[in-house]
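Single-letter residue listing:
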Amino acid sequence: MQSGTATAAPMGVPAQRIGVPREIFPGEKRVATVPEVVEKLIKLGFKVTVETGAGDLANCSDETYRAAGADIAADAAALWQASDIVFKVRGPTTDEVALMHEGQTLISFIWPAQNPDLMQLLAAKKVTVLAIDALPRTLSRAQKMDALTSQAGVAGYRAVIEAANAFGRFFAGQITAAGKVPPAKVFIAGAGVAGLAAIGTAASLGAIVRANDTRAEVADQVVSLGGEFVKVDYEEEGSGGGGYAKVMSEGFQKAQREMYAKQAKEVDIIVTTALIPGKPAPKLITAEMVQSMKPGSVIVDMAAEQGGNCELTEPGQAVVKHGVTIVGYTDLVSRLAKQSSTLYGTNLFRLTEELCKTKDGQVFVNMEDDAIRGLTVTKDGAITWPAPAPKVAAAPPAAAKPATAPAAKKAHGHGEPSAPMPAGKLAIMFAVAAALFWLIGRNAPTAFMSHFTVFVLACFVGYMVVWNVKPALHTPLMSVTNAISSIIAIGALVQISPLMDAADRPNSLITWIAAVAIALTAINMFGGFAVTQRMLAMFRK
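What you see is a predicted model; the values in this text were computed from it and never measured. Residue numbers run consecutively from 1 along every chain, following the written order of its sequence. Only residues with pLDDT of at least 70 are given local features in this predicted model, and only at 80 or more are side-chain atom pairs given and counted; all residues enter the totals for whole chains, interfaces and linings. The side-chain figures draw on all heavy atoms in the structure; neither hydrogens nor water molecules are used.

Per-residue pLDDT for the protein chain has a mean of 85; in total, 83% of the residues score no lower than 70. Segment residues 404-418: pLDDT under 50, and seven contacts once partners within four positions in sequence are set aside and those in other chains are kept. The pLDDT value expresses, per residue, how confident the predictor is, ranging between 0 and 100. In what follows, residue pairs with any heavy atoms lying within 4.5 Å of each other are defined as contacts.

Following this line, the structure appears as structure tokens:
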């Protein structure tokens, strides 16, 4: 393991080996990397070893790993012993910790707050551990490494699929010869990443979707995905640190329970996603609410692994109580093992890119980097969790504004009336313009003056009409294009009109040129409006 500043590895230093063991947690089908990602890791300079059978449940065979350039280890002991870096999905068991050696690096889900005993075991082994769940999610550059988000999106999608499987009707409403089928009504409790994925999936299947969250700022996201945001009749801010929700006051919780009780009576499906880091899942759906639901309704409790949001949830099971199916599966992500493994493997690859910027097959844990520091829970045996809050760059001091700034802004700001021009300056401008027109009128032919007058009027009218159209309906480029096209069309019509007499109609070249000009400008104008209409339709639901 390197320490100090990030420099290229000395000549002759062998590339580090990344090991990917088979997950032994019951029901876990994911694997920490996939063949497509193995190829990218090798291009960074690393060697990769995968335990035999590690990817079988995610449809990644040993042969596909070999084809990507990975070695295959016969068993877990051989893999752990040979690896400098280990990629895992679930945190290591006691037996797996026993296989680790000093100086090794582990990248995995750890949940240090919930697993203090595991943290002590890892520290005793003098290893460096990067907990992917400890990534500071408020850093924009950390989004590519955010495995919590990628896995939550998969879970939200799968939760709706499980609900549809347990539900006895279509999600979308239909009118058939056999009768009318009403659309399913779905309520999503919690509009985080998993909740938003569930909203989008349910809406795409044709259901009527409602959602609630303690964070009022997610309301627009709910609506954009086709849902209706149901607000609790109680004013309190619910945003917590790191993009999570916080524990709300008793007054808010009482108002929230009343709203949930009302929704439970009306909807067919409830999907709960509420979790607070380091705490048991809050109980949102009581036994009384379940009893009030219509027979055949479904509850999918995505927080079942942390105790569940429903009082009647049985973790890992789908049970029927009071005529309501309560799905408490704890392996929703594993039920889409190929997809979730691909996303997770890509997250770990992006993290590896940050750890190996020199692309020499050597990782460097830079404790000065806010993202890496947040991930690192043990460093060479020393427990470094929790990490300090990421540094926030100080805002630059505001520049001193001149005393006349407000007046200038009012005079020249967008949408504000301009200051009146001084009378003397206005008189001079009119005098110059009048002299210019007198000179042109004195020396130019009569025909030129008539055309010039039409041109000036067309420019003025075009400006007044086009620039008063709302930008939402008319892009600036299209405005200018249509103004020019209008001038061309008017000019062509002026040329055609005196030539439409019987004497001049047969072989007039000007007539044909003007007709072509009108045709082309008409195509441009109407085509522009058609394209704009299609663009606006993309934003309509």
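Continuing now.
The subject of this paragraph is the side chain of D146. Note on placement: D146 falls in the loop between β6 (128-131) and α6 (147-166). A polar contact of 3.3 Å, which involves the side chain of D146, links it to the side chain of R137. Sequence-distant contacts of D146, defined by excluding residues within four places in its chain, comprise L135, R137 and N347. Counting from the N terminus, the helices are the DSSP runs of H or I reaching at least four residues and the strands are the DSSP runs of E reaching at least two. Here a polar contact means two N or O atoms within 3.5 Å. Within protein one must be a hydrogen donor candidate and the other an acceptor candidate, and residues neighboring in sequence count only if both atoms are side-chain atoms.

Along β6, one buried face is formed by T128 and L130 and the opposite face, lined by V129 and A131, is buried too. Judged from the four bridges that link them, strand β5 (residues 105-108) and β6 form a sheet pairing that is parallel. For S108, the partnering residue across the bridge sits in β6 and is A131. A pair of strands is treated as paired once DSSP finds two or more bridges between them. Strand direction decides the pairing type here: β6 and strand β16 (residues 376-379), joined by two bridges, are antiparallel. Following the sheet pairing, L130 is matched in β16 by T376. The buried label goes to any residue with under 20% of its type's maximum accessible area, the exposed label to any with over 50%, and the partly exposed label to all in between, with areas taken from a 1.4 Å probe on protein chains only.

The subject of this paragraph is a nonpolar patch on the surface. Patch definition: residues above 30% relative accessible area lacking any salt bridge, with like charges linked at up to 9 Å and the nonpolar side chains Val, Leu, Ile, Met, Phe, Trp and Tyr linked at up to 5 Å. Areas reported here follow the Shrake-Rupley algorithm with a probe of radius 1.4 Å; residue values treat only the protein chains shown as occluding. Any carboxyl oxygen of Asp or Glu that lies within 4 Å of a side-chain nitrogen of Lys or Arg is treated as forming a salt bridge with it. Taken together, the side chains of V516, L520 and I523 make up a nonpolar region of the molecular surface, amounting to roughly 310 Å² of accessible area. As for its position among the elements, L520 is in helix α17 (residues 509-537).

Considering the arrangement of structural elements, one finds S486 in helix α16 (residues 476-496). Sequence-wise, S486 and I518 are 32 residues apart; in three dimensions their C-alpha atoms are separated by 9.4 Å.

Moving on: helix α1 (residues 35-43). Where α1 is concerned, the buried positions are P35, V37, V38 and L41. In a view along the axis of α1, the buried residues occupy a sector of 150 degrees, so they form one face of it. Buried positions along α1 lie against β1 (17-20), β2 (47-51), α2 (62-68), β4 (85-87) and α11 (337-355). In the stretch just after α1, G45 is the one whose phi turns positive, near 105 degrees. Directions are taken from the helix axis to each C-beta atom, and the arc is the one they span.

Grouped together as the largest cluster of nonpolar side chains are 43 residues, with contacts concentrated most on F87, I107, I132, Y344, L351 and L355. Of all the secondary structure elements, the ones that give two or more residues to this core are β1, α1, β2, α2, β4, α6, α11 and α12 (370-375). As used here, the term nonpolar core means buried Ala, Val, Leu, Ile, Met, Phe, Trp, Tyr and Cys residues forming a set that is joined through side-chain atoms within 4.5 Å. Among the nonpolar cores identified, the runner-up in size contains 32 residues, and A163, F167, V298 and V300 belong to it.

Reading across from one edge, β3-β2-β1-β4-β5-β6-β16-β17 is the order of the eight strands in this open sheet, with mixed pairing throughout. Only two strands of the sheet have a single partner each, and these edge strands are β3 (71-73) and β17 (382-383). Strand direction decides the pairing type here: β1 and β2, joined by four bridges, are parallel. The partner of R17 across the bridge, within β2, is K47. Along the sheet face, α11 touches β4, β5 and β6 and points at about 140 degrees away from the line of β5. Every axis corresponds to a line fitted to the C-alpha atoms, with the helix fit spanning only the stretch in contact, and the corresponding angles, defined between N-to-C directions, vary from 0 to 180 degrees.

Further remarks concern the sheet that holds strand β13 (residues 298-301). Pairing is mixed in the open sheet, where seven strands are placed in the order β11-β10-β9-β12-β13-β15-β14. Here the strands that pair on one side only, and so sit at the sheet edges, are β11 (228-229) and β14 (318-321). Looking at chain direction, strand β9 (residues 185-189) and strand β12 (residues 269-272) are connected through four bridges and run parallel. For F187, the partnering residue across the bridge sits in β12 and is I270.

With that out of the way, let us pick up helix α7 (residues 193-204). What a helix should span is 1.5 Å times the count of its residues minus one. Over its 12 residues, α7 runs 17 Å from end to end, which matches the ideal 16 Å to within 8%, given 1.5 Å per residue. Along α7, the residues that are buried comprise A194, G195, L196, A198, I199, T201 and A202. Where the residues of α7 are buried, they touch α6, β9, β10 (208-212) and α8 (219-224). Downstream of α7 by a residue or two, G206 has a phi angle that is positive, lying close to 100 degrees.

What follows deals with the packing of α1 against α11. For the pair α1 and α11, interaxial distance at closest approach is 9 Å and the crossing angle is 10 degrees. The angle between the axes of α1 and α11 places the two elements in the roughly parallel class. Counting all contacts with α1, which are made through E36, V37, K40 and L41, the residues of α11 involved are K338, G345, T346, F349 and T352. In this classification, the charged set is Asp, Glu, Lys and Arg, the nonpolar set is Ala, Val, Leu, Ile, Met, Phe, Trp, Tyr, Cys and Pro, and all remaining amino acids, among them Gly, are polar. When grouped by side-chain class, the residues that make up the contact of α1 with α11 number three nonpolar, three polar and three charged. In this scheme, roughly parallel covers angles under 35 degrees and roughly antiparallel covers those over 145, while 65 to 115 is roughly perpendicular and the rest are oblique.

Below, the discussion takes up the environment of L343. By the element assignment, L343 lies in helix α11. Put simply, L343 and M145 are 198 residues apart on the chain and 9.8 Å apart in space, counted from C-alpha to C-alpha. L343 has contacts with S150, Q151 and V154, leaving out every residue within four places of it along the chain.

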